[in-house]
Amino acid sequence: MPAIEVSHLTKEYRLGALQSLKDTALNAGRRLLGHPVEERPMFKALNDVSFSIEPGEVVGIIGHNGAGKSTLLKMLARISTPTSGSVKVDGRIAPLIEVGAGFVPDFTGRENVYLNASILGMSKREIDRKLDEIVDFAEMAEFIDTPVKRYSSGMQVKLAFAVATSIDSEILIVDEVLAVGDLAFQRKCFNRMESLIKSQRRTVLLVSHNIRQVERFCSRVMLMDHGTVSLDGLPQNVCNAFFDYSDKRIVAQSARSATGKVATTGEVELLEIYLCDGVSAPSRELVYGSDIEAHITLKVNSSLEKPIFYLGIHTTDFVKVTTTTSGETFRHKMIPAGVHKISVRLPKCQLTPGAYSLRFSVDVEDPVKNVLYHDSLHPFSVRSSPESRSNPEFEGFFLSPATWSQSTPNLAGERSSQQPEAGLHTVL
Amino acid sequence: MIRVAQNLYDYRELVFTLAWKNIAVRYKQAFLGIAWAVIKPVMLMLIFTVVKSFVGIDSGSVPYPVLVFAALMPWIFFQESASDGVNSVVSNTALIKKIYFPREIFPITAVGTKLIELGINFVILATLMAWYGMVPTAHILWVPLIILYTVLAALTISFVGAAINVYYRDMGQALPVLLSLMMYLSPVIYPLQLVKDKLLVQQAAGEWSGLLYMLYTLNPLAGIIDAFQNVVLRGLPPDWSALLPGALTVAVLLPLSYAFFKRAESYFADVI
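Residues numbered from 1 in each chain as written. Chains lettered and ligands numbered in written order. Predicted model: local features only at pLDDT ≥ 70, side-chain atom pairs only at ≥ 80, totals over all residues. Heavy atoms only, no water.

Visitor: Tell me about the overall build of chain A, and please be specific about residues and values.
Guide: Of regular secondary structure, chain A possesses nine helices and 20 strands. In chain A, the proportion of contacts linking residues at least 24 apart, taken out of those at least 6 apart, comes to 72%. Here chain A displays about 22200 Å² of accessible surface, and carbon together with sulfur accounts for 53% of that area. (Helix = DSSP H or I, 4+ residues; strand = E, 2+ residues; numbered from the N terminus. Contact = heavy atoms within 4.5 Å. Areas by Shrake-Rupley, 256 points an atom, 1.4 Å probe, with all protein chains shown as cover.)

Visitor: Outline the overall build of chain B, supporting the account with residue identities and numerical values.
Guide: When its secondary structure is counted, chain B shows 13 helices and zero strands. Tracing chain B from N to C terminus, the helices and strands come up as α-α-α-α-α-α-α-α-α-α-α-α-α. In terms of C-alpha radius of gyration, chain B reaches 19 Å, essentially the compact-globule figure of 19 Å for 272 residues. Considering only C-alpha atoms, chain B reaches an extent of 55 × 50 × 35 Å along its principal axes. Relative to all contacts within chain B whose residues are 6 or more apart in sequence, the contacts with residues 24 or more apart total 81%. In the structure as shown, chain B presents an accessible area of about 12800 Å², 72% of it carried by carbon and sulfur atoms. Side chains of chain B give 17 positive and 14 negative charges; the mean places of these two sets differ by 7 Å. (Rg over C-alpha atoms; globule rule 2.2 N^0.38 Å. Lys, Arg positive; Asp, Glu negative; His and termini not counted. Charge placed at Lys NZ, Arg CZ, Asp CG, Glu CD.)

Visitor: Explain the pattern of salt bridges to me, using residue names and the numbers behind them.
Guide: When their charged atoms lie close together, side chains carrying opposite charge are able to pair. Residues and elements named next belong to chain B. Summed over the entire model, instances satisfying the criterion amount to 22 salt bridges over all chains. The salt bridge partner of E80 is K114, with a shortest N-O separation of 3.2 Å. Of this pair, E80 sits in helix α4 (residues 64-88) while K114 is found in helix α6 (residues 105-131), placing the two residues 34 residues apart along the sequence. Judged by relative accessible area, E80 falls into the buried class, the value being 18%. Each of the salt bridges in this network shares a partner with another, and the network as a whole consists of R26, K40, E80, D84, K114 and E117. (Salt bridge = Lys/Arg side-chain N within 4 Å of Asp/Glu carboxyl O. Buried < 20%, exposed > 50% of the residue type's maximum accessible area, 1.4 Å probe, protein only.)

Visitor: I'd like a rundown of the packing of helix α3 (residues 109-119) of chain A against helix α4 (residues 124-138) of chain A, residues and numbers included.
Guide: Residue and element names in this part refer to chain A. α4 packs onto α3 with a crossing angle of 130 degrees between their chain directions and a minimal axis gap of 10 Å. Considering the angle they form, α3 stands oblique to α4. Remark: the crossing between α3 and α4 carries right-handed chirality. Touching R110, V113, Y114, A117 and S118 of α3 are K124, I127, D128, L131 and I134, all from α4. (Axes fitted to C-alpha atoms, helices over the stretch in contact; angles between N-to-C directions. Parallel < 35°, antiparallel > 145°, perpendicular 65-115°, else oblique. Left-handed = near helix turned anticlockwise from the far one by under 90°.)

Visitor: Describe in detail the confidence of the model for chain A, supporting the description with residues and values.
Guide: Residue and element names in this part refer to chain A. Per-residue confidence for chain A gives a mean pLDDT of 81; residues scoring 70 or more make up 88%. When mean pLDDT is compared element by element in chain A, strand β8 (residues 220-225) scores highest at 91, while helix α9 (residues 414-418) scores lowest at 49. Throughout residues 416-428 the model reports pLDDT below 50, and contacts reaching past four residues in sequence, or to other chains, amount to 20 contacts. (pLDDT = per-residue confidence, 0-100.)

Visitor: Got a sec to walk through the pairing of strand β1 (residues 4-14) of chain A? Specific residues and values, please.
Guide: Residue and element names in this part refer to chain A. Direction of pairing for β1 relative to strand β4 (residues 84-89): antiparallel, over a ladder of five bridges. In the sheet register, V6 faces β4, and the bridge partner there is V87. Taken together, the eight bridges between β1 and strand β2 (residues 42-53) define a ladder with antiparallel strand orientation. By the bridge assignment for β2, E5 is matched with S52. (Pairing = 2+ DSSP bridges.)

Visitor: Which residues make up the nonpolar core, and what are the values?
Guide: Across soluble globular proteins, nonpolar side chains show a tendency to be buried alongside one another. In this structure, A:I62, B:W75, B:V89, B:L125 and B:L233 are the most contacted members of the largest nonpolar core, which totals 150 residues. With 15 residues, the top contributor of residues to this core is α4(B). Those residues in contact with A:I62 that sit more than four places away from it in its chain are A:K69, A:S208, A:I211, A:V214, A:V221, A:M222, A:L223, A:M224, A:V238, A:C239 and A:F242. (Core = buried A, V, L, I, M, F, W, Y, C linked by side-chain atoms within 4.5 Å.)

Visitor: Could you give me a rundown of the sheet that holds strand β11 (residues 268-276) of chain A, with the residues and numbers involved?
Guide: Residues and elements named next belong to chain A. Strand order in this open sheet of three strands is β11-β13-β18, and the pairing throughout is antiparallel. Edge positions in the sheet fall to β11 and β18 (338-346), since each of these pairs with one other strand and no more. Here the strands of the sheet are splayed against their neighbours by 15 degrees on average, with no regard to which way each runs.

Visitor: Can you tell me about helix α6 (residues 183-198) of chain A, naming the residues and giving the values?
Guide: Residues and elements named next belong to chain A. Compared with the 22 Å implied by 1.5 Å per residue over 16 residues, the 22 Å span of α6 between its first and last C-alpha is a close match. Those residues of α6 that sit buried are F185, C189, F190, R192, M193, E194, L196 and I197. Structurally, α6 contributes buried residues whose contacts are with β3 (58-62), α4, α5 (153-164), β6 (171-175), β7 (203-207) and α7 (211-217). (Expected span 1.5 Å × (residues − 1).)

Visitor: If you had to explain the interface of chain A and chain B to someone new, which residues and values would you point to?
Guide: Tallying the contact residues gives 32 residues for chain A and 27 residues for chain B. Summed over the shared surface of chain A and chain B, the number is one salt bridge. Among the salt bridges present, the one from A:K11 reaches B:D270, with a minimum N-O distance of 2.5 Å. Elements that contribute at least two residues to the side of chain A that touches chain B include exactly β1, α1 (21-33) and α3 of chain A. It is α3(A) that contributes the most residues to the side of chain A that touches chain B, five residues altogether. Here the residues of the side of chain A that touches chain B sort into 15 nonpolar, eight polar and nine charged. (Nonpolar A, V, L, I, M, F, W, Y, C, P; charged D, E, K, R; others polar.)

Visitor: Now, about the packing of aromatic side chains: what can you tell me, with residues and values included?
Guide: Scanning the entire structure with this criterion turns up 14 aromatic pairs over all chains. Plain terms: the ring middles of A:F309 and A:F360 are 6.1 Å apart, the flat faces sit at 15 degrees to each other, and that makes the pair stacked. Within this pair, whereas A:F309 is found in strand β15 (residues 308-315), its partner A:F360 is found in strand β19 (residues 354-364), the two being separated by 51 residues in sequence. Owing to a relative accessible area of 5%, A:F309 belongs among the buried residues under this scheme. Site record: aromatic cluster; members linked through ring pairs are B:F159, B:Y258, B:F261 and B:F268. Just above the ring of A:F137 sits the side chain of A:R192; from NZ or CZ to the centre is 4.2 Å. When the ring centre of A:Y373 is taken as origin, the NZ or CZ atom of A:K261, which lies over that ring, is 5.3 Å away. (Phe/Tyr/Trp six-rings, centres within 6.5 Å; stacked < 30°, edge-to-face > 60°. Lys NZ or Arg CZ within 6 Å of the ring centre and 35° of its normal.)

Visitor: Before we move on, can you summarise the side chain of A:H314 with the specific residues and values?
Guide: Mapping A:H314 onto the fold places it in strand β15. A distance of 3.1 Å separates a polar side-chain atom of A:H314 from the backbone nitrogen of A:S376. (Polar contact = N/O pair within 3.5 Å; in protein donor to acceptor, adjacent residues only side chain to side chain.)

Visitor: Go over the side chain of B:Q79, please, and point to the residues and values.
Guide: All names here are of chain B. When you line up the elements, Q79 lands in helix α4. For Q79, a relative accessible area of 17% gives the class buried. A distance of 3.3 Å separates the side chain of Q79 from the side chain of K40, its partner in a polar contact. Excluding anything up to four places from it in sequence, Q79 contacts K40 and L179.

And the structure:
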């Protein structure tokens, strides 16, 4: 018997504000008289969703904002009622839909633990038994008798997380709670979730925008899009499909509103920059491993003495992946005023699939100064064939060319040479 | 009804915890603490006593201050239970949107919380009675039943009011006005005996008198306050003829009110 069974679940919301009392009364009157009533348009947050989850499955739900993830969780947790269709849940559900719902600022940490835990359905005896563990996990022993209103927001979240994850329930619903506290505590939460999932064999539903986390935790992932489950299957496949889709959206978005950082002294202007692979037309979608050329058109206003050009690649969240410099190429030259074209060849580009942008800057010597800086230029995505996206090589930003070799050091005499596997080591 | 009781039993710990929260939140950072619970009835008692000295209200054999305090106790309990009950769902928006448990927990907890404040007022009542040298009789054992009945009357308003309040906040605004009108229609400032004398003995409204009296006692508070005064102060059993019409009102309206609440409940999280 499945732990959760959802069939033809639909949830509609009316768009716009709630009607005034007057409109409600007028509409009721019209209905009584059989006149047509002006209805506000409906919005389908969930549209005919069906699936079932077996006990012990760990299911991730991903999708962009507004895809219906949280609405679905609310239906499962019985907070909201479906417009049509049904939800069957077998077992006690603990919703971690938002940790710390119902913390009372005037109460001490201890009082809030009792309050919050009993709201989540724990009995007094259960809480008594678990109090020490909760306090210990939240690292709050020192502050547990201080009112929560004097806590920092991080402390509140830590305590709330500790309470929420201490519930014994067959089904755990988790909505974006792993991103709490500082890095050290996040690590701890992560481990706690992992132990909840792995060792206690609970059914878990995890909603997150941290796709890597979902991929790691879950045994199955559902991708939601516009109120429907558009993909349901192995974490790797579903997550990769979502990555590809997101990359395209990011590129399209940043191409529409290029708002990079620009700094210039006016000596040189960037007229055009684009990438292409093989053919000469600009391309925003490059294939992994192909030869890439960057074409830059500059307008030099006053001649550049001994310039150095930098071309860099960064992710859309400004992690600088790589930078290449013109180095000595123009070191002893003077570039006169006028329009010039520069091209950079990047043979067999090893960038892993993802969304990136270009960064370009110009320095001159005597005196050393930066005369031009641009980033978030020419957003582009690197793609691969769909089946190879889940290639383990693509974990990271780019592939390092490497040579591996094997040797078996003869440290312990004859014994080790008879067991080559035991002494296997690799050299990069 | 059995399901309600079952739910209530399953969630009893939550009800107690939430009631404790309500009390603690209200008085935590107040210097006078729970003493505030008695200040309102005591102040009103003093004001009414002063007013009474101008107007002249026949309080029968019982000293007026005790009589009015014994009326204010069930009245204030009812009034505050009803208004807290009506606001209980809206004021717990954060919980409604995050966690499921039977939503009637909120109005019930709000009413339950007021029971504690009512209990404290009994101390004042006992002091007043001792001051005037009044000794209660065995009829005082009726008190728990009268309070239970008051709880049911308050829930009748709370359920329907709380549900409407989620959709239209007008309810929260209108209720205090309605309740303060209701106070004058209940025998708080004056004893029920006066109304009875006027209508039933003197037949002040001619042939309509009997009907008017019946209408008056349809208000459950008429019977409640009078019964409370009878069993505590006068040493008499409750006046059933005054209780019955009101009890009928509650018996009919409470199930309707609860049904309305349960129907509206599933959409609370969407519209609140």
